[in-house]
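Overview (structure and organization)
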Amino acid sequence: MSVKLTKEMLSALPDNRGHFGVFGGRFVSETLMDSLMTLEREYLRLKEDPDFQAAFDKDLAHYVGRPSPLYFAERLTRETGGAQIWLKREDLNHTGAHKVNNTIGQALLAAFLGKKRIIAETGAGQHGVATATVCARLGLECHVFMGAEDVQRQALNVYRMKLLGAQVHAVESGTRTLKDAMNDAMRDWVSNVDDTFYIIGTVAGPHPYPLLVRDFQAVIGRETRQQSLDQAGKLPDALVACVGGGSNAIGMFYPFLTDESVELYGVEAGGLGIESGQHAAPLCAGRPGVLHGNRTYLMEDENGQIAGTHSVSAGLDYPGVGPEHSWLKDVGRANYVSVTDEEALDGFRTLTRVEGIMPALESSHAVAYALKLAAGMDKDQMVVINVSGRGDKDIHTIAQLDGIEI
Amino acid sequence: MSRIEQVLQTLKGQGRKALIPYITAGDPHPDRTVELMHTLVSAGADIIELGVPFSDPMADGPVIAQACERALSHGTSLRQVIAMVKEFRKTDNETPVVLMGYLNPMEAMGYEAFADAAADAGVDGILTVDLPPEEAEDVAPLFSARNLDPIFLLAPTTTDDRISAISEHSSGYVYYVSFKGVTGAAKINVEEVAEKVGHIHALTALPVGVGFGIRDAETAAAVGRVSDGVIVGSVLVDTIARNQADTDQLKRALTDLLHPMREALDSLAS
């Protein structure tokens, strides 16, 4: 089932209670409701405030370094032998990933709301670093919750956060990964709700987070659209982005949703293979449920307990996904696919060797799928990969897989 | 009139306050939950809140989160919890049982199937931590239609408009969360609770139970003085964790904890 989306349809989403069709919403304990409603009211006001938008745009230009380039990967295109492959270089942003677009926006919101204490959850550490960075710049107290397993596999980012002045809290409960970090961040928030702003790192969580994070990340797609017209003289035929919570993907997709000719591919973490059950691909292999404040596709067992996930990439190791993606899947506007750990590592090696660009393991999932996709397309067609982050943070993981100690 | 309403009305007629203990079903083992429920009643419970374990209990502190992990390590499911209530009802047809938990296990079972099974087993109320009334428009009527009281939370941050609206969606009682925090934190401020509960009483005719932070006879009495009932959770669950090896010792420990609270509450009777 696929529908043609119109601007009118999109402007009605989410509805005033944060629903994208049956997905989204606000499923939290009562203590947080007042804060969420205040945040929603203030955000909707500031969204229309030219001063707020000007401050956001200025920071994106002069602090983040936007616009990020749209780069034609000529040699990769030749080697793949199909459609033209272009790269949206979010890896070149300050702090090395798309995450900072959102933390800049939310830190501005926190400042407007007068909150002095910031909390965040993080998986791979990119969102934690991006949050610690904006807190350092604005002189805000920063606490980052990170699963103990992720603290281990992303030691470099943990140290970066500490250098930036953040306190990193290793979360030992549950599966000791991103979902448990989010649980503890929620627990901290409910305990310190008066003075604390929770900077959620992805398009999940209770309304209005999926809305405002998408709005802050949509700069990726707006730039890509204009750059495609300027540099290639046309819109791309396909966009490919990795999906964990889904913020880089929704940021890329959103400005193209009404462009029917543009195919959208969200690439989930297939881990050891969907059939193994060891993956993090709720859109490909899960079902709708409620977690972390919203209704969305989840990985869960038959009793509604959230399932453990596996991915080589900490940033995709999450059992849920942003509710707008769930909606885009069900209406058929976007395609959700998966690649395995091994395919993602191949994607990492290929892009590194052929173009001299080292993508994050998360982004490597998009690279791997796009290479397969482009190979089957015509030479006059155009695929854009969102290189959502750089791979420096993953060097240890990759060396370890190669049996090398560094 | 529901079993919860009856019990609370009777207590009110006697000038007494409700003692409402919480334990997590399946902790320390699913085979022992029904026995522990009977122990709670013998020790003075008026209503039991039976926790449905969830893998991601975001509103709970470490004590109840670990109880969920213990229960889930034995595979305790929502269906099994409902079966425990059915077993409990074989010998206790008086004490109301409220299932307290998170939404996703109910959603996975299917709301109608859940409501049918819960009503059939003799469950009396449903308290879903992550389900505010705004999202309960389809679900709450399924409960009410089966004489299951939908019980919602009120918090220190709840505005007057919301107190009124939430109370309209509730029956049985409303559960006032005494402080901004997770279960098991020791942050209760009795004066603040008294002020807010007095305010809630002015906005709704429903009985007000107060939970979070009640850990002994003293705090139970202080909160009982200003509310219609006290809900005691983490301190019981912690007692279960520390005495799980020996069932008799565990039952004694739970009784030793609850009984003084019962007496302290009854000493308030006017």
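Residue positions are given per chain, counting from 1 as you read along its sequence in written order. As they are written, the chains are lettered A onward and the ligands numbered 1 onward, keeping that order. The predicted origin of the model limits local features to residues at a pLDDT of at least 70 and limits the giving and counting of side-chain atom pairs to 80 or more, whereas totals for whole chains, interfaces and linings rest on all residues. Remark: hydrogens and water are excluded; side-chain values derive from all non-hydrogen atoms of the structure.

Residues and elements named next belong to chain A. Accessible area is worked out with a 1.4 Å probe on protein chains only. A residue is then buried under 20% of its type maximum, exposed over 50%, and partly exposed in between. Secondary structure elements follow DSSP: runs of H or I of four or more residues count as helices, runs of E of two or more count as strands, with numbering from the N terminus. With five of its six residues buried, strand 4 (residues 84–89) lies for the most part within the structure. As paired elements, strand 3 (residues 70–72) and strand 4 share three bridges and run antiparallel to each other. By the bridge assignment for strand 4, Y71 is matched with L87. Pairing between strands is defined by DSSP: at least two bridges between the two strands are required. Pairing of strand 4 with strand 14 (residues 382–387), which is carried by six bridges, proceeds in the parallel orientation. Bridging from a neighbouring strand, K88 pairs with N386 of strand 14.

Quick look at the interface of chain B and chain A now. Taken together, the 39 residues of chain B in the interface contact 37 residues of chain A. Throughout, the accessible surface (probe 1.4 Å) given up by two parts as they are put together, summed over both, is called the buried area. Summing the contributions of chain B and of chain A, the shared interface buries around 2900 Å²; its carbon and sulfur component is 48%. Broken down residue by residue, the surface that chain B buries against chain A is led by D56, M58 and E135 of chain B, which jointly contribute 21%. Should a side-chain nitrogen of Lys or Arg be within 4 Å of a carboxyl oxygen of Asp or Glu, the pair is scored as a salt bridge. At the boundary of chain B with chain A, the tally comes to five salt bridges. Ionic pairing is found between R162 of chain B and E30 of chain A, a salt bridge with its closest N-O pair at 2.8 Å. The criterion used for residue contact is that any of the two residues' heavy atoms lie within 4.5 Å.

A few words now on the sheet that holds strand 5 (residues 117–122) of chain A. Residues and elements named next belong to chain A. Ordered by their spatial adjacency, four strands build an open sheet running 7-6-5-8, and the pairing between neighbours is parallel. This sheet does not close on itself; its edge strands, each paired only once, are strand 7 (167–171) and strand 8 (196–198). With direction set aside, neighbouring strand axes in the sheet form an average angle of 25 degrees. Pairing geometry for strand 6 (residues 141–147) and strand 7, over five bridges, is parallel. When the sheet's bridge partners are listed, F145 is paired in strand 7 with H169. Fitted lines through C-alpha atoms give the axes, limited to the stretch in contact for helices. The angle between two N-to-C directions lies from 0 to 180 degrees. Sitting on the sheet, helix 9 (residues 178–191) touches strand 5, strand 6, strand 7 and strand 8, and the angle it makes with strand 5 is about 160 degrees.

The next subject is the domain arrangement of chain A. Residue and element names in this part refer to chain A. Its domain assignment divides chain A into domain 1 (20–61 + 99–209) and domain 2 (66–96 + 218–402). Segment limits for the domains were obtained from an automatic or database-derived domain assignment. Put simply, the middle of domain 1 and the middle of domain 2, counted by C-alpha atoms, are 22 Å apart. Each partner contributes to the interface: domain 1 provides 39 residues, whereas domain 2 provides 42 residues. Here domain 1 and domain 2 share an interface that buries about 3100 Å² over both sides, 60% of which is from carbon and sulfur atoms. Scanning the region where domain 1 abuts domain 2 turns up zero salt bridges.

It is worth spelling out the packing of helix 4 (residues 78–89) of chain B against helix 6 (residues 111–121) of chain B at this point. Residues and elements named next belong to chain B. Contact geometry of helix 4 with helix 6 gives a least axis separation of 8 Å together with a crossing angle of 20 degrees. Our classification of the angle between helix 4 and helix 6 gives roughly parallel. Read as a crossing pair, helix 4 and helix 6 show a hand that is left-handed. For the pair helix 4 and helix 6, the contacting residues are L78, I82, V85, K86 and R89 in the first and F114, A117, A118, D120 and A121 in the second. When residue character is reported, Ala, Val, Leu, Ile, Met, Phe, Trp, Tyr, Cys and Pro are called nonpolar, Asp, Glu, Lys and Arg charged, and the others, Gly included, polar. Grouping the constituent residues of the contact of helix 4 with helix 6 by class yields seven nonpolar, no polar and three charged. In this scheme, roughly parallel covers angles under 35 degrees and roughly antiparallel covers those over 145, while 65 to 115 is roughly perpendicular and the rest are oblique. In this scheme the handedness of a crossing depends on how the near helix is turned from the far one: anticlockwise by less than a right angle means left-handed, clockwise means right-handed.

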